[in-house]
Amino acid sequence: MGNSVPGTCTIDAPGRSRGAPVEQRTHRDSIFVEDGRLLSQQAYPGQQFVIRIQAPKCAAAASPGSFAHLTCDPERPMRRPLSIMRVDARVGWIEILYKVVGPGLAALSQQPIGATISVLGPIGQGFVAHPERPRTLLVGGGVGIPPMVFLAESLKTRRAEAPWQPLVLMGSEIEFPFRARPSQILVPGVPSEAIGCMPLLDDWGIASRLASFSGFPGCFHGYVTGLAAHWLASLDAQALGEVEMFACGPTPMLQATARVARRFGVPCQVSLEEFMACAVGGCAGCAVPVVQADGSLAMKRVCVEGPVFDANAVYPPQVS
């Protein structure tokens, strides 16, 4: 899709008639195309990178769970959908964590500081945290970590509306994209050996813990969903009534998260990771089956109706 006017423009999703019902066009006028400028690119073990891009339109409209569709190189026309990890709406930048898994992201990792990165975003329906359930349990696996950081930071800024108590659990079998350190925040119900944290979250006063089978110091030895279950099992009925779960990561992890949430009777929202081409609903290549309120199945596009869905709707008991 071309950008005929320099700077930014709103984008109309293809495949929609002008007479389409308003509720089917809620994504219009909220997605922007802008020529972003690469501000920094930090490399971490396991071919992981954290990039910061000057993209003020995207930064101003992004919400936890939304993502951006980026060009990786002038010679590669296909964009890549990547979750947004942080934004600064005042300064106008977005931050993204990605792992090189193919030639497109390999090309992105070679872009020099100052390079122009076309940003299409923010895209998708994000997480919705409910004040009546302030004990938010955020579970991120691998490159599913970024939306959890974004959500945690958002809750930090919204503490006037509810006594949010976020706990962020992260799992990875390769080194984490940050230098872990012992947490200064006590988390009752977490195994004593699990003391490693993400320093950024710890500095914000937000509790975080790490899980891995790779034997990293300070990590819970096991799946991140096992760590989540361990913590939930320590809560009484009243405390469980205040818990809401949020998760992003590979499909097996999300399926396991849905099972854990059902086991403890807590609501759960998951952000799906799917391949996509246009990212604005025109190609429907990212459609997934979703259980409707009446029990019927409907195909929903991850880029428009998602990426965030109710866990039971995408991973019902008979499936997960």
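Relevant structure appears above.
Cut-offs and rules
- Residues numbered from 1 in each chain as written.
- Predicted model: local features only at pLDDT ≥ 70, side-chain atom pairs only at ≥ 80, totals over all residues.
- Heavy atoms only, no water.
- Pairing = 2+ DSSP bridges.
- Helix = DSSP H or I, 4+ residues; strand = E, 2+ residues; numbered from the N terminus.
- Contact = heavy atoms within 4.5 Å.
- Axes fitted to C-alpha atoms, helices over the stretch in contact; angles between N-to-C directions.
- Salt bridge = Lys/Arg side-chain N within 4 Å of Asp/Glu carboxyl O.
- Buried < 20%, exposed > 50% of the residue type's maximum accessible area, 1.4 Å probe, protein only.

Peer 1: When you look at the sheet that holds strand S12 (residues 207-212) in this model, what are you seeing that I'm missing?
Peer 2: To summarise the sheet geometry, strands pair through backbone hydrogen bonds and adopt either a parallel or an antiparallel arrangement. Read from one edge to the other, the open sheet built from seven strands follows the order S13-S12-S9-S8-S14-S15-S18, with strand pairing classed as mixed. At either margin of the open sheet sits one strand with a lone partner, and together these are strand S13 (220-221) and strand S18 (308-310). The pairing of strand S8 (residues 135-141) with strand S14 (residues 243-248) spans six bridges and is classified as parallel. Looking at S14, one finds that Thr136 is bridged to Glu244. Contacts from helix H3 (residues 145-157) reach S8, strand S9 (167-171) and S14 within the one sheet, and its direction differs from that of S8 by about 155°.

Peer 1: Is there a simple way to explain the environment of Pro267 in this structure?
Peer 2: In this structure, Pro267 sits in the loop between helix H7 (251-264) and strand S15 (268-271). Between the C-alpha atoms of Pro267 and Ser296, which are 29 residues apart in sequence, the distance is 20 Å. Leaving out residues up to four positions away in the same chain, Pro267 has contacts with Arg133, Val243, Glu244 and Met245.

Peer 1: For this particular structure, what's the right way to read the pattern of salt bridges?
Peer 2: Two side chains with opposite charge may pair up if their charged atoms get near one another. On inspection of all chains with the given rule, the structure shows seven salt bridges. With a shortest N-O distance of 3.1 Å, Arg86 and Glu153 are connected by a salt bridge. Here Arg86, found in strand S5 (residues 80-88), pairs with Glu153, found in helix H3; they are 67 residues apart in sequence, far enough to count as distant. A relative accessible area of 16% places Arg86 in the buried class.

Peer 1: So what exactly am I meant to see when it comes to the pairing of S12 here?
Peer 2: Moving residue by residue along a regular strand, the side chains alternate between the two faces of the sheet. Most of S12 is tucked away, with six of its six residues classed as buried. Relative to S13, S12 runs parallel, the two sharing two bridges. Bridge pairing links Ala211 to Phe220 in S13.

No statement about biological role is implied by the geometric values presented.
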